[in-house]
There are 2 protein chains.
Amino acid sequence: MQAAPSRIEDWRTFSTDVTIAAATLGDGLVSVAWSDGRRSPFHFDWLRDTCSCPACVHAQTREQVFEIVDAPDALAVRGVQVGRDGALHVEWRDGHRSAWPPGWLRAHAYDDASRAERHAAQGRHVWSGDDPDAIAGFAWRDVMHDDAALRAWLGALQRTGLTLVEGVPPERGRVDEIARRVGLVRETNFGALFDVESKPRPDSNAYTSINLPPHTDLPTRELQPGVQFLHCLANDATGGDSIFIDGFALADALRDAYPDDFALLATTPFEFWNKSAASDYRCSAPVIGLNARREVIEVRHANFLRGPVDAPAASMPAIYRAYRRFLALAREPRLRVQRRLRAGDMWAFDNRRVLHARTEFDPSTGRRHLQGCYVDRDELLSRWRVLSRAATPTA
Amino acid sequence: MQAAPSRIEDWRTFSTDVTIAAATLGDGLVSVAWSDGRRSPFHFDWLRDTCSCPACVHAQTREQVFEIVDAPDALAVRGVQVGRDGALHVEWRDGHRSAWPPGWLRAHAYDDASRAERHAAQGRHVWSGDDPDAIAGFAWRDVMHDDAALRAWLGALQRTGLTLVEGVPPERGRVDEIARRVGLVRETNFGALFDVESKPRPDSNAYTSINLPPHTDLPTRELQPGVQFLHCLANDATGGDSIFIDGFALADALRDAYPDDFALLATTPFEFWNKSAASDYRCSAPVIGLNARREVIEVRHANFLRGPVDAPAASMPAIYRAYRRFLALAREPRLRVQRRLRAGDMWAFDNRRVLHARTEFDPSTGRRHLQGCYVDRDELLSRWRVLSRAATPTA
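About the cut-offs
- Residues numbered from 1 in each chain as written.
- Chains lettered and ligands numbered in written order.
- Predicted model: local features only at pLDDT ≥ 70, side-chain atom pairs only at ≥ 80, totals over all residues.
- Heavy atoms only, no water.
- Helix = DSSP H or I, 4+ residues; strand = E, 2+ residues; numbered from the N terminus.
- Buried < 20%, exposed > 50% of the residue type's maximum accessible area, 1.4 Å probe, protein only.
- Contact = heavy atoms within 4.5 Å.
- Buried area = accessible area lost by both parts, 1.4 Å probe.
- Salt bridge = Lys/Arg side-chain N within 4 Å of Asp/Glu carboxyl O.
- Polar contact = N/O pair within 3.5 Å; in protein donor to acceptor, adjacent residues only side chain to side chain.
- Least-squares fit on C-alpha atoms with pLDDT ≥ 70 in both.
- Axes fitted to C-alpha atoms, helices over the stretch in contact; angles between N-to-C directions.
- Parallel < 35°, antiparallel > 145°, perpendicular 65-115°, else oblique.
- Nonpolar A, V, L, I, M, F, W, Y, C, P; charged D, E, K, R; others polar.
- Pairing = 2+ DSSP bridges.
- UniProt positions renumbered as here; feature names shortened; annotations may be inferred.
- Expected span 1.5 Å × (residues − 1).
- Disulfide = S-S within 2.5 Å.

**Focus: unusual backbone geometry**
All names here are of chain A.
So, step 1. We note that Leu218 has phi near 55°; this positive angle belongs to a residue other than glycine.
So, step 2. In this fold, Leu218 is placed in the loop between strand S12 (212-215) and strand S13 (227-235).
So, step 3. The exposure class of Leu218 is buried, given its relative accessible area of 5%.

Structure representation (structure tokens):
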């Protein structure tokens, strides 16, 4: 595949395999015919808005200075042509000139076929309890020193949401070091780095030795932390296994068996509260989060961090029926992966997708100590995109 | 007003002015008649789920250990009564006993009247350009040392979204000190603390001297920073005034004049991109954010941080019509407050509500230097709730 650099406002490269065969003026739009037969409409407003000439985009910051209201409501075109450089060239009625390289234009086209291609599920792999591909493994030394290994790890985190990094020195602070390979560490009221162990005065069920049912961390915040890192320094007590459930599989199972319950949990805000003597965090949000295309993008769930359900009385029975079914599904072994961490292992998982749980342990039989921290999805994705710029041109 | 302490899982106090007059068994629910004539239904599932006995709630962490699926699907009640303590007492068929103090029960009742009372707009004050109450002023010394002043300031931030703190020593790092009075500082790729001044190699239009149109900071992140602090160390250049627009007023104006455009901007994801050599943040989200009750809770807007609109071709003309109208409204003087910061002044505003802008300045005429940082809404609200626990019992 041929690749060409982008325009000033981008840092990516774009494939030049498909070229512009013809560009014709339509009613308020330019119609582009591509060399592979596809046709893409580009409306005048969209074209004028994406002009990246030095008058429209700041040369140093690469950010737009032009606003579309600076152009007349009824935009008009004096001429359109495909240049010798293969780019689409437009001269506007007021004399302004704009150009778009074919690779960039193809990558941002919004005809139905181009949009479907762009939004195709990015290799998301939804897993159940007996799926051997549920957990991808990586070596600490590789992800710390090799950008290709780092990129592969971050890719797996996006695909399955659950990864294991092995060979991390079982020392305090190592988890923070790995997290910073990915991006900014997200601090919370439990600290930038938190210690999961049985504590004398626990302010969270996580800091006891009791069984911890499947949950996401900090559903009490508007934005739940994206990636959670849990590094095992010691795991010598009886019990204390790790359990994971793919929240996307759980949501799918609910939608398949009880579509009405799925719809209720995707629209009814639940109350998530985390209160202590010094803090009082509250978030009202549905258990299942959907994007504009109705795809599940998030699960928000910690039974032990809920406030009383606040919903119209008439819908209370249906809400509890749905929530009971959700909880019952989360207890089904078919969705659960159960593993035991050894000192030096580190879980890295998507905290907004993968529910994690812990079996009860007996602190009198040995030490159990995990260190953890968080990095947001924004950070993971930014790092992955930058690593991907050099690796592959955008199709 | 009389106040009584809450149950173990809460730290608030609740009014005891209204008492339980009677409690009767209905079909799958307990019907409570209050001393003021209101009636509230409480379904068995809701009651069993909110039991705070030591078997259901962990005594130290105050978090629930019981899950509603631990109780039979068809919950049944052996007896219900109002105790001598004024509380509602229920004995379940399996022998489990639960009790709810009247103040707590009333504060969480979900009959229509109780819900409407609880969700009534919390004193939100939407302002336009000529509103003298748009900007509430506070003294640095007070908010730093007096919790009542701090609470008043955080209350104003919730009501109008825009406040001015005066008398802050014009020294580096002071902004960080004030922000930590509110809560955890939110770090971004621009640093935990950022310097807004004209820089030789700017990676953002903010770091140039050009006119900066109305915007929210970091719309490129899933969660835009909640509160922005901008502390003026020097403002000696010609130009560089601050402009603010209440984004809620802007959204209201759009909804009033062009309801279809409002609906489009509240549902169509726009692309927000912030790319540099080392980072690549992208967020796809509507310009106007609504909650489950269709109230505007967020505006996401920075024209200079957008990627190409990615929407079906058929809706492109309507989307641009809506966006043009939104931009045109943001230019109308009637919505704008324009002020000039002096050294020692600090703006604190809701970055997800209030758009901020800056007029062009001439760096050859003097120094202009602001320091800024962010704190999320979660932090602001947590701090305010804790300060309010002592101040007022929850009605």
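Further notes follow.
**Some remarks on the interface of chain A and chain B**
So, step 1. Across the contact, 85 residues belong to chain A and 85 residues belong to chain B.
So, step 2. Both sides together, the interface formed by chain A and chain B hides about 7,500 Å², and carbon and sulfur atoms give 47% of it.
So, step 3. Here chain A is connected to chain B by 21 salt bridges.
So, step 4. Put simply, Arg352 of chain A and Glu222 of chain B hold a salt bridge, and the shortest N to O gap is 2.7 Å.
So, step 5. Across the chain A-chain B interface, the total number found is 59 residue pairs in polar contact (both at pLDDT 80 or more).

**What about the relation of the copies chain A and chain B?**
So, step 1. Under the fitted operation, chain A is carried onto chain B by 0.0 Å of movement along the axis and a turn of 180°, and the coordinates agree to an RMSD of 0.0 Å. One copy is carried onto the other by what is essentially a two-fold rotation axis. Of the C-alpha atoms belonging to chain A, the one lying closest to the rotation axis is found on Leu223 of chain A, 3.2 Å away.
So, step 2. In this assembly, 100% of the residues forming the interface of chain A have copies in chain B that are likewise at the interface, indicating an isologous arrangement.

**Looking at the environment of Asp142 of chain B**
So, step 1. For Asp142 of chain B, the position within the fold is in helix H4 (residues 140-145).
So, step 2. For the pair Asp142 of chain B and Val165 of chain B, spaced 23 residues apart in the sequence, the C-alpha separation amounts to 9.8 Å.

**Considering the packing of helix H8 (residues 259-267) of chain A against helix H9 (residues 316-330) of chain A**
Residue and element names in this part refer to chain A.
So, step 1. Running from N to C, H8 and H9 cross one another at 100°; their axes reach a closest spacing of 9 Å. In terms of axis orientation, H8 runs roughly perpendicular to H9. For the pair H8 and H9, the contacting residues are Asp261, Leu264 and Leu265 in the first and Ala318, Ile319, Arg321, Ala322, Tyr323, Arg325 and Phe326 in the second.
So, step 2. Its residues assigned to classes, the contact of H8 with H9 shows seven nonpolar, no polar and three charged.

**Digging into the sheet that holds strand S5 (residues 39-43) of chain B**
Residue and element names in this part refer to chain B.
So, step 1. The sheet built from three strands is open, its strands ordered S3-S4-S5 with antiparallel pairing. The strands lining the two open edges of the sheet, one partner per strand, are strand S3 (20-25) and S5. The average undirected angle you get between the axes of adjacent strands in this sheet is 20°.
So, step 2. Inspection of the sheet shows S3 paired to strand S4 (residues 29-34) by five bridges, in the antiparallel sense. If you follow Ile20 over to S4, its bridge partner there is Trp34.

**A short note on the pairing of strand S10 (residues 162-166) of chain A**
Note on strand geometry: in a regular strand, side chains alternate between the two faces of the sheet.
Residue and element names in this part refer to chain A.
So, step 1. S10 sits mainly inside the fold: four of its five residues count as buried.
So, step 2. When strand S9 (residues 136-139) meets S10, the two strands line up parallel, connected through four bridges. Opposite Ala139, over in S10, you have Glu166 as the bridge partner.
So, step 3. With four bridges connecting them, S10 and strand S21 (residues 346-350) associate as antiparallel partners. Residue pairing in the sheet places Val165 in a bridge with Met346 of S21.

**Quick notes on the UniProt feature "domain: TauD/TfdA-like" (unreviewed entry) in chain A**
So, step 1. In the numbering used here, UniProt assigns the feature "domain: TauD/TfdA-like" (unreviewed entry) to residues 135-374 of chain A.
So, step 2. Spanning residues 135-374 of chain A, this segment combines 26% helix with 31% strand, and its end C-alpha atoms are found 19 Å apart.

**Some remarks on helix H5 (residues 147-159) of chain A**
All names here are of chain A.
So, step 1. Between its first and last C-alpha, H5 extends 18 Å over 13 residues, near the 18 Å set by a 1.5 Å rise per residue.
So, step 2. Buried within H5 we find Ala149, Leu150, Trp153, Leu154, Gly155, Ala156 and Leu157.
So, step 3. In this structure Asp146 caps H5, since a side-chain oxygen of it lies 2.9 Å from the backbone nitrogen of Ala148.
So, step 4. Positive phi appears at Gly161, one or two residues downstream of H5, with a value of about 80°.

**Digging into the state of the cysteines**
So, step 1. Under the defined criterion, the tally for this structure stands at zero disulfides over all chains.
So, step 2. Not part of a disulfide, Cys232 of chain A finds its nearest cysteine sulfur in Cys373 of chain A, a span of 15 Å.
So, step 3. On the basis of relative accessible area, Cys232 of chain A is assigned to the buried category, the value being 0%.
So, step 4. With no disulfide partner, Cys283 of chain A has as its closest neighbouring cysteine sulfur the one in Cys283 of chain B, 16 Å distant.

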